[in-house]
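The primary structure of each chain is shown beneath.
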Amino acid sequence: MELHAKTLAELAAGLEGSDFTSLEVTRALLDRIAAHNEKLNAFVTVTADEALAAAARADQARAEGSGGALNGLPIIHKDIFCTRGVKTTCGSKMLENFISPYDATVVEKLQNAGAVVLGKSNMDEFAMGSSNETSYFGPVHNPWDLDCSPGGSSGGSSASVAARFAPAATATDTGGSIRQPAALTGTVGLKPTYGRVSRYGMIAFASSLDQAGVITRSAEDAAMMLGVMAGFDPRDSTSIDTPVPDYVAGLGESVKGLRIGIVRQHFDEGLDPDCAARVKDSIAVLESMGATTVEVDLPNIDMSVPTYYVVAPAECSSNLSRFDGVRFGYRAKNAEDLLDLYCRSRGEGFGDEVKRRIMTGTYVLSAGYYDAYYLKAQQVRQLIADDFKKAFADVDVIAGPTTPTPAFKLGDKVDDPITMYLNDIYTIGANLAGLPAISVPCGFVNDLPVGLHLVGPHFAEQTLLRTAHQYQQQTDFHRACPGDFK
Amino acid sequence: MSLDKDQVQHIAMLARLKLTDAEYAESVEKLSKIVDFVAQLSEADTEGVVPMAHPLDTAQRLRPDAVTETNERDRYQQNAPAVADGLYLVPKVIE
């Protein structure tokens, strides 16, 4: 097997057995990126020199018998994570030349574990988008069909992992932004429980929803990554102080007796019938392995997208007020006065979708509208969270589709925000309720991948990873490689 | 349209965003669609429901009010568009 085709776990075993060095792996992947990235536009920055230096250090550490859990293993960071000394753009003109003075906690932890960072992946601007088309640096293309979107906002991460540029990439999920791109590219996307992974140094979009996670090809790799990324961080005020289990150690446990909840609304007419068939097949596989299914009701789940499109823009309008053209970021030329400087720096520095969300948020928080929109949305959000809590009294996970359709064409949905927003209809509930969730490749429709979505109760990452891993022992959808990237 | 141009102009000013004429026209249309879409929230029965304050139903952690950061002004100002003598420069505010 060629180096680029190997998973994180397979590379780790090869490094351990001295079959190859980290420098060899890193060179192979950097060559691959140089040869193929033009087709995908998956990167904002490739950090070749830094990667080679890190790989050499990792090899040295291994020779000395030291090195962390991911020593010498190549990864990619979504360009939303601050990296000291390397540009962090968040997909925006506003931060086109921003060099963070510090590392995000996630970046620091992965670095301390010995991971080798190949570069920073392209993304929707400020993570606001579901197709990667809002990036200032242009859309990312889906390796399975270059005319299609790889999903968003973590589209550069999902496309990179699907194209075998790296076995793992960090990503973030505010309203489906890890799981939807994972589904559309045939990769595994894990969004942990809110507060499980530190948000420190992860550029904020909607702080009560944002959560860092990972895109990989196997659930085992996701477990390896999460084990390093998770944990309490005093620098993140909403980080949760609870022990991090050994996620990899728990993967072998069978799914016998696992209770799977099925939500009727998730299989309504909005879902492509072929996707529905693939998802049902995958649930049948889990049943054949000893899991049981039961129908569960989430009576308010239909309200999740409108709830999200009040709460998330409200928090975004507040978070993005920091971009003022004064302390960092883009600054308009020849401002007449301070107000003109603010308004023009923001008007020129932000793209259309970001401005739309800032204005939506400003509107729902403004005098006279706050109660009807923002307060109401936070009440409905509580109802949705309560529905999940009730459901998890009877089931261990909830299974369904990750997205209503396979990957759509670039340009198809960009003109209608509501159509685009509805792409996240199955994933947003987990963000609103702070729940962990995973998307796992479960088949193909017209040669495009489809994802199975599993949601668990708070801190049930172990259950999700184990279920996904056990499923992947019986199926090989995650081993399928896009034709142009073999 | 649930929003008109005057309202969008007001919102843009509150958000400190200067839009072009073309952007205004598009914003009126698209923001109206979004506002109409989220208006379905009014159909939900939320009588007596306490608005969510934290997705994990926990309280915000407190920390001692101690200085933990070192002064790194020079490094931070490397990202600033315009500085002089350690100060951020903006257009003249007081005549």
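Residues numbered from 1 in each chain as written. Chains lettered and ligands numbered in written order. Predicted model: local features only at pLDDT ≥ 70, side-chain atom pairs only at ≥ 80, totals over all residues. Heavy atoms only, no water.

Asker: Break down the overall build of chain A for me, with residues and values.
Answerer: A count of helical and extended segments in chain A gives 15 helices and 11 strands. Relative to its length of 486 residues, chain A is compact, with a C-alpha radius of gyration of 21 Å against a globular reference of 23 Å. Each principal axis of the C-alpha distribution contributes one length, and for chain A these read about 65 × 55 × 45 Å. Sorting the 486 residues of chain A into buried and exposed places 66% on the buried side. Accessible surface computed for chain A: about 15500 Å², of which carbon and sulfur atoms make up 49%. (Helix = DSSP H or I, 4+ residues; strand = E, 2+ residues; numbered from the N terminus. Rg over C-alpha atoms; globule rule 2.2 N^0.38 Å. Buried < 20%, exposed > 50% of the residue type's maximum accessible area, 1.4 Å probe, protein only. Areas by Shrake-Rupley, 256 points an atom, 1.4 Å probe, with all protein chains shown as cover.)

Asker: Describe the packing of helix α8 (residues 273-288) of chain A against helix α15 (residues 461-474) of chain A, with residues and values.
Answerer: Residue and element names in this part refer to chain A. Relative to each other, α8 and α15 sit at 95°, their axes nearing to 10 Å. When the axes of α8 and α15 are compared, the pair comes out roughly perpendicular. Mapping the contact onto sequence places Ser-282, Val-285 and Leu-286 in α8 and Thr-467, Tyr-471 and Gln-474 in α15. (Axes fitted to C-alpha atoms, helices over the stretch in contact; angles between N-to-C directions. Parallel < 35°, antiparallel > 145°, perpendicular 65-115°, else oblique. Contact = heavy atoms within 4.5 Å.)

Asker: Could you give an account of a nonpolar patch on the surface, naming the residues involved and the relevant values?
Answerer: Together, Tyr76(B), Val83(B) and Tyr88(B) give the surface a local cluster of nonpolar side chains, amounting to about 240 Å² of exposed area. For Tyr76(B), a relative accessible area of 33% gives the class partly exposed. (Patch = residues over 30% accessible without salt bridge, like charges linked within 9 Å, V, L, I, M, F, W, Y side chains within 5 Å. Salt bridge = Lys/Arg side-chain N within 4 Å of Asp/Glu carboxyl O.)

Asker: A description of the nonpolar core should follow, citing residues and the corresponding values.
Answerer: Residues and elements named next belong to chain A. Ranked by internal contacts, the top residues of the largest apolar core, which has 158 residues, are Phe-126, Phe-388 and Ile-398. If near-sequence neighbours (up to four positions away) are discounted, Ile-398 is found in contact with Gly-261, Val-263, Val-296, Leu-298, Phe-388, Ala-391, Phe-392, His-453, Leu-454 and Val-455. In this structure, Trp-144, Ala-162, Ala-407 and Leu-448 belong to the second largest nonpolar core, which totals 8 residues. (Core = buried A, V, L, I, M, F, W, Y, C linked by side-chain atoms within 4.5 Å.)

Asker: An account of the pattern of salt bridges is needed here, citing residue identities and associated values.
Answerer: What the rule picks out here adds up to 22 salt bridges over all chains. Two residues, Glu16(A) and Arg62(A), come together in a salt bridge whose shortest N-O distance is 3.0 Å. Pair noted here: Glu16(A) is in helix α1 (residues 8-16) and Arg62(A) is in helix α3 (residues 48-63), with a separation of 46 residues, a long-range link. For Asp79(A), the salt bridge goes to Lys120(A), with nearest N and O atoms at 2.9 Å. With Asp79(A) in the loop between β2 (74-78) and α4 (105-112) and Lys120(A) in strand β3 (residues 116-121), this pair connects stretches of sequence that are 41 residues apart. This pair shows no difference in class: Asp79(A) is buried, exactly as Lys120(A) is. One salt-bridge network, in which partners are shared between bridges, spans Glu353(A), Arg356(A), Arg357(A), Glu26(B) and Lys30(B).

Asker: Residues and numbers for the confidence of the model for chain B, please.
Answerer: This prediction gives chain B a mean pLDDT of 93; 99% of its residues lie at or above 70. What the predictor reports for the complex is a pTM of 0.97 with an ipTM of 0.96. (pLDDT = per-residue confidence, 0-100.)

Asker: Would you mind going over the interface of chain B and chain A in detail, with residue names and values included?
Answerer: With 50 residues of chain B at the contact, the number on the chain A side is 73 residues. Roughly 5200 Å² of surface becomes buried between chain B and chain A when both sides are summed, with 68% attributable to carbon and sulfur atoms. If you sort the residues of chain B by the area they bury against chain A, Leu41(B), Met52(B) and Arg61(B) come out on top, with a joint share of 14%. Taken together, the links from chain B to chain A amount to 3 salt bridges. Between the two partners, chain B and chain A, sit 17 residue pairs in polar contact (both at pLDDT 80 or more). Broken down by secondary-structure element, the contributors of at least two residues to the side of chain B that touches chain A are α1 (5-14), α2 (21-38) and α3 (73-77) of chain B. Residues that form the side of chain B that touches chain A fall into these classes: 31 nonpolar, 9 polar and 10 charged. (Buried area = accessible area lost by both parts, 1.4 Å probe. Polar contact = N/O pair within 3.5 Å; in protein donor to acceptor, adjacent residues only side chain to side chain. Nonpolar A, V, L, I, M, F, W, Y, C, P; charged D, E, K, R; others polar.)

Asker: Can you tell me about the packing of aromatic side chains, naming the residues and giving the values?
Answerer: All names here are of chain A. Here the structure, examined in full by the defined rule, presents 18 aromatic pairs over all chains. With a centroid separation of 6.1 Å and 90° between ring planes, the pair formed by Phe-323 and Phe-350 is classed as edge-to-face. Linking Phe-323 in the loop between α9 (304-319) and α10 (338-349) with Phe-350 in the loop between α10 and α11 (352-365), this pair joins segments that are 27 residues apart in sequence. Judged by its relative accessible area of 4%, Phe-323 falls in the buried class. Centre to centre, the rings of Phe-388 and Phe-392 are 6.3 Å apart; their planes meet at 20°, and the pair counts as stacked. Overall, the relative accessible area of 13% leaves Phe-392 in the buried class. Members of the aromatic cluster, connected to one another through ring pairs, are Phe-98, Phe-126, Phe-323, Phe-328 and Phe-350. (Phe/Tyr/Trp six-rings, centres within 6.5 Å; stacked < 30°, edge-to-face > 60°.)

Asker: For α10(A), give the residues involved together with the corresponding values.
Answerer: Here α10(A) is 12 residues long and its end C-alpha atoms lie 16 Å apart, about the 16 Å a rise of 1.5 Å per residue gives. Turning to α10(A), its buried residues are Asp340(A), Leu341(A), Cys343(A), Arg344(A), Ser345(A), Arg346(A), Gly347(A) and Gly349(A). Looking at the buried positions of α10(A), the neighbouring elements they touch are α11 of chain A together with α1 of chain B. (Expected span 1.5 Å × (residues − 1).)

Asker: Describe helix α7 (residues 219-229) of chain A, and please don't skip the residues or the numbers.
Answerer: Residues and elements named next belong to chain A. Of all the 11 residues making up α7, 9 are buried; the element is thus mostly covered by neighbouring parts of the structure. Among the residues of α7, Ala-219, Asp-221, Ala-222, Ala-223, Met-224, Met-225, Leu-226, Val-228 and Met-229 are the ones counted as buried. Positive phi shows up at Gly-231, right after α7, with a value of about 130°.

Asker: Explain the packing of α9(A) against helix α12 (residues 371-391) of chain A to me, using residue names and the numbers behind them.
Answerer: Residue and element names in this part refer to chain A. Between α9 and α12, the least distance of the axes is 9 Å, while the angle of their chain directions is 125°. As summarised for this structure, α9 and α12 are arranged oblique, according to the angle between their axes. Remark: the crossing between α9 and α12 carries left-handed chirality. Of the residues in α12, those touching α9 at Ser-304, Thr-307, Val-310, Val-311, Ala-314 and Glu-315 are Tyr-373, Tyr-374, Ala-377, Gln-378, Val-380, Arg-381 and Ile-384. (Left-handed = near helix turned anticlockwise from the far one by under 90°.)

Asker: Describe the environment of Phe81(A), naming the residues involved and giving the relevant values.
Answerer: All names here are of chain A. Position of Phe-81 relative to the elements: it lies in the loop between β2 and α4. Using a relative accessible area of 0% as the deciding quantity, one classes Phe-81 as buried. Along the primary structure Phe-81 and Val-107 are separated by 26 residues, whereas in three dimensions their C-alpha atoms are 7.1 Å apart. With residues up to four places along the chain from it excluded, the contact list for Phe-81 reads Thr-88, Ala-104, Val-106, Val-107, Lys-120, Thr-170, Ala-171, Thr-172, Gly-201, Met-202 and Ala-212.

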